[in-house]
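# Chain and residue survey
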Amino acid sequence: MSDQSKKDKANLFIIYIIAFVAALAGLLFGYDTGVISGAILFIKDQFNLTSIVVERVVSAVLLGAVIGAAFSGSMADKLGRRRSIVITAVLFSFGAVGSAFAPNIPALIACRFSIGLAIGVASYVAPLYISEISPPDVRGALVSLNQLMITCGIVVSYLVDYMLTLGQNEWRWMFGLGAIPGIILLIGMIYLPETPRWLVKQGLIDKAKDVLSRISRGRDIDREINDISNTLTDKKCSWKEVFDPWVRPALFVGIILAFFQQATGINTIIYYAPTIFEFAGFSSHRVAILATIGVGTVNVLMTMVAIWLLDKLGRKPLLYIGMAGMAVSLGVLGTAFHLTDLSGMLKWICVASVLFYIASFAISLGPIFWLLISEIYPLKVRARAMSLATVANWGFNMLVAATFLTMTDKLGKAGTFWMFALISIAGIVYCYFFVPETKGYTLEEIEGRLRSGYWLRKKH
Ligand code: BGC
C-alpha cells in the first residue's frame, strides 16, 4: 500500500470518528423525544395530573425545539458549528439532571423546555457540522449517521422505559440517564476541530488548511480552500440574503420537505404506536409496548440500509421508493381500520403495515430530509437557511402531534391514514419536479449549480 493510500485510510478513519461523536447529538435528540412516552405514565400518577398539564409536559420539548432552532440560526455562524454543539451538550446534560431532580411540575416543564432548546439547535447543527467536514463521496452516509443515532436514541428510550416500568418513581432515572451521552458529547466535542468551511468564512485560512490536511483524502487542499473562498463574496450574511431569488428554490425545497417529512405521519407512529396498536385490538399494554420496540428496531435497521445505499443509488431514487412504500402501507393501514372488524387477521395486517411504513420512512424521508438541508444551501446563508427548514420541521411536528387524536375523531382513523397516504403521493410528485440530486457533488458544486439555475439537471 502506498504512503498516500495509507494516509487516506487514516484520514477516513478520523472523519468517521468525528462524525460519530457529533452524531451523539442525534442520539440525544432521539432519546429525549422518545423517553417521555413511558415517563409520562408515572409522572401523571405521582402528581395526579390533568390532561392539559400532561400535554404541557409532553409538548415542552417540542416548543423548546421550535424556539431553539429559530433563535440559533445566527449562533452557528457567529460562534461556529463546533461551539454550538458544545453549548447544546451542556444544555442536554443540565436538562437531564434537572429533570431527574425536579421537585415539581413547573421545574420539570422548565427543564424539558431547555432540553427542547438543545434539540432544536442540535438537530441542524450536527448534520451541518458533519456535512461541512465530510468528503463528497461519503457525505450521504456520514450525515445520515446522525439520523441513525436519532433512531437508536428512540429505541434506547423505549427499552429504558420498558425496563424501568418495574419500579416506583423511575421516571427520574428515565430522564437522568440522558446525561450520560450528553457528557460524552461534551467531552468529545471539546477535542474535535471546527469545520474548514466555517474557518474560511471567518478568514482563518491557516487553521482551515490544517483541518483539511487531517481529513482530506488525496484532494488538493489549496484548490479546496479556493473553491470555498469563491463561494463567499463577503463574510456577513443577513436574513434578507436567505430570501434572495437565486436561493429561493433551495429554501422552498427545505421547508416543503420538512412538511412532507412530518405531514406523512411519522410521529403519530413514533409517539402513538402503542395507542395505534391498542386501537387495532391488542388489549395488553405489554404487547403494545413490545410491538413499539419492534417499530423502533426496524427504524434503526432500515436507516442502516439507507446509509449503505445513499451514496450508491442517490437521494432521489430512495425518496421515490420510500415514499411509495409509505403511501401503500398507509393506504393498507387505513383500509384495515375501515373494515372495522380488527379482531382476527386484520390486527396483524395493521402491525405489518406499520412496520412496512417505518421501514419505508427510514430509507427515505427520515435521513434524506436532514441530509438534503445540510447540502443544498449556499455556504453564506447555510446556517440560517438550515435553521429555517429545521424550525419548519419542528413546527409541523408539533402541529401533527397536537392534532392527531382530534383528526382521528373528526376524519376517522381510516380517513386520517388515507390522508397521510395522499400526502406521501404528493411528496413523490414534488420530489420529481423540484428536488435536486446531490450525490457525488461537492458542496461548492451544488452551490454553483443552484447559482446557474440548472441544479435539477442530471450529471453527465
Ligand atoms: C424526524 C423525527 C422523527 C424521527 C424518527 C427524524 O428524521 O425528524 O421527527 O421522530 O426521524 O426516526
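Heads up: the structure comes first, above all this text.
Summarised in this report is the structure supplied together with it. Everything quoted here is computed from the prediction, not taken from an experiment. (Residues numbered from 1 in each chain as written. Predicted model: local features only at pLDDT ≥ 70, side-chain atom pairs only at ≥ 80, totals over all residues. Heavy atoms only, no water.)

## Side note on the nonpolar core
Ranked by internal contacts, the top residues of the largest apolar core, which has 129 residues, are Tyr129, Met189 and Tyr377. Those residues in contact with Met189, other than ones at most four positions away along the chain, are Val21, Ala22, Arg82, Ile85, Val86 and Tyr129. (Core = buried A, V, L, I, M, F, W, Y, C linked by side-chain atoms within 4.5 Å. Buried < 20%, exposed > 50% of the residue type's maximum accessible area, 1.4 Å probe, protein only. Contact = heavy atoms within 4.5 Å.)

## Some thoughts on the packing of helix H3 (residues 51-71) against helix H6 (residues 105-133)
Think of two packed helices as two axes; the pair is described by the angle between the axes and how far apart they sit. It is the contact of H3 with H6, at a shortest axis distance of 6 Å, that shows an interaxial angle of 35 degrees. Like other packed secondary-structure pairs, H3 and H6 cross with a definite hand, here right-handed. On the side of H3, the interface is formed by Val53, Arg56, Val57, Ala60, Val61, Leu63, Gly64, Ala65, Ile67, Gly68 and Ala69, while H6 contributes Ile105, Leu108, Ile109, Arg112, Phe113, Gly116, Leu117, Ile119, Gly120, Val121 and Tyr124. For the contact of H3 with H6, the per-class residue count stands at 16 nonpolar, 4 polar and 2 charged. (Axes fitted to C-alpha atoms, helices over the stretch in contact; angles between N-to-C directions. Helix = DSSP H or I, 4+ residues; strand = E, 2+ residues; numbered from the N terminus. Left-handed = near helix turned anticlockwise from the far one by under 90°. Nonpolar A, V, L, I, M, F, W, Y, C, P; charged D, E, K, R; others polar.)

## Some details on helix H22 (residues 443-452)
Looking only at H22, the buried set comprises Leu443, Glu444, Ile446, Glu447, Arg449 and Leu450. Looking one or two residues beyond H22, the residue adopting positive phi is Gly453, at roughly 80 degrees.

## Remarks on the layout of surface pockets
Its volume calculated, the largest pocket comes out at about 1400 Å³. Taken together, 39 residues form the lining of the largest pocket, with Ser37, Ile40, Tyr271, Tyr272 and Thr275 sitting closest to its centre. Looking at the lining of the largest pocket, the elements with two or more residues in it are helix H1 (3-34), helix H2 (36-47), H3, helix H7 (139-164), helix H15 (266-279), helix H16 (285-313) and helix H20 (382-410). Top element by residues in the lining of the largest pocket is H3. It accounts for 7 residues. (1 Å grid on protein atoms, 1.4 Å probe; cavity = no way out; pocket = protein on both sides within 12 Å on 5 of 7 lines; lining within 4 Å. Points joined across faces, edges and corners; volume = space filled by probe spheres on them.)

## A look at the site of the ligand
Among the 13 residues in the neighbourhood of the ligand, the closest are listed as Gln147, Gln261, Asn267, Asn299 and Trp370. In the environment of the ligand, an oxygen atom lies 3.0 Å from a nitrogen or oxygen atom belonging to the side chain of Gln262. Taking Asn267, its side chain carries an N or O atom lying 2.6 Å from an oxygen atom of the ligand. Calculation on the ligand without its partners gives an accessible area of 310 Å², and the protein chains cover 99% of this total. More than half of the atoms belonging to the ligand lie within 2 Å of the grid points that define the largest cavity. It is H7 that contributes the most residues to the shell around the ligand, 3 residues altogether. (Near = heavy atom within 4 Å. Polar contact = N/O pair within 3.5 Å; in protein donor to acceptor, adjacent residues only side chain to side chain. Areas by Shrake-Rupley, 256 points an atom, 1.4 Å probe, with all protein chains shown as cover. Sits in = over half its atoms within 2 Å of the grid points.)

## Brief notes about the side chain of Asn146
Residue placement: Asn146 occurs in helix H7. Beyond its immediate chain neighbours, meaning those up to four positions away, Asn146 contacts Ala22, Ala23, Ala25, Gly26, Ala126, Pro127 and Ile130.

## Here's the deal with the side chain of Arg449
Turning to its location among the elements, Arg449 is positioned in helix H22. Summary of buried charges: Arg449 has no salt-bridge partner, and the nearest side chain of opposite charge, Glu445, is 7.6 Å away. A distance of 2.9 Å separates the side chain of Arg449 from the side chain of Tyr441, its partner in a polar contact. (Lys, Arg positive; Asp, Glu negative; His and termini not counted. Salt bridge = Lys/Arg side-chain N within 4 Å of Asp/Glu carboxyl O.)

## Some points on the environment of Gly203
By the secondary structure assignment, Gly203 is in the loop between helix H10 (196-201) and helix H11 (205-215). Distance in space between the C-alpha atoms of Gly203 and Ser229 is 9.0 Å, their sequence separation being 26 residues.

## What about the pattern of salt bridges?
Should the charged atoms of two oppositely charged side chains come close, the side chains can pair. Scanning the model with the defined rule gives 15 salt bridges in all. Between Arg384 and Asp77 there is a salt bridge, with its nearest N and O atoms 4.0 Å apart. With Arg384 in helix H20 and Asp77 in helix H4 (residues 75-78), the pair connects residues that are 307 residues apart, well separated along the chain. Neither Arg384 nor Asp77 differs from the other in exposure class; each is buried. Lys209 is paired through a salt bridge with Asp222; the nearest N and O atoms lie 3.4 Å apart. With Lys209 in helix H11 and Asp222 in helix H12 (residues 221-230), this pair connects stretches of sequence that are 13 residues apart. Of the residues examined, Asp222 reaches a relative accessible area of 48% and is grouped as partly exposed.

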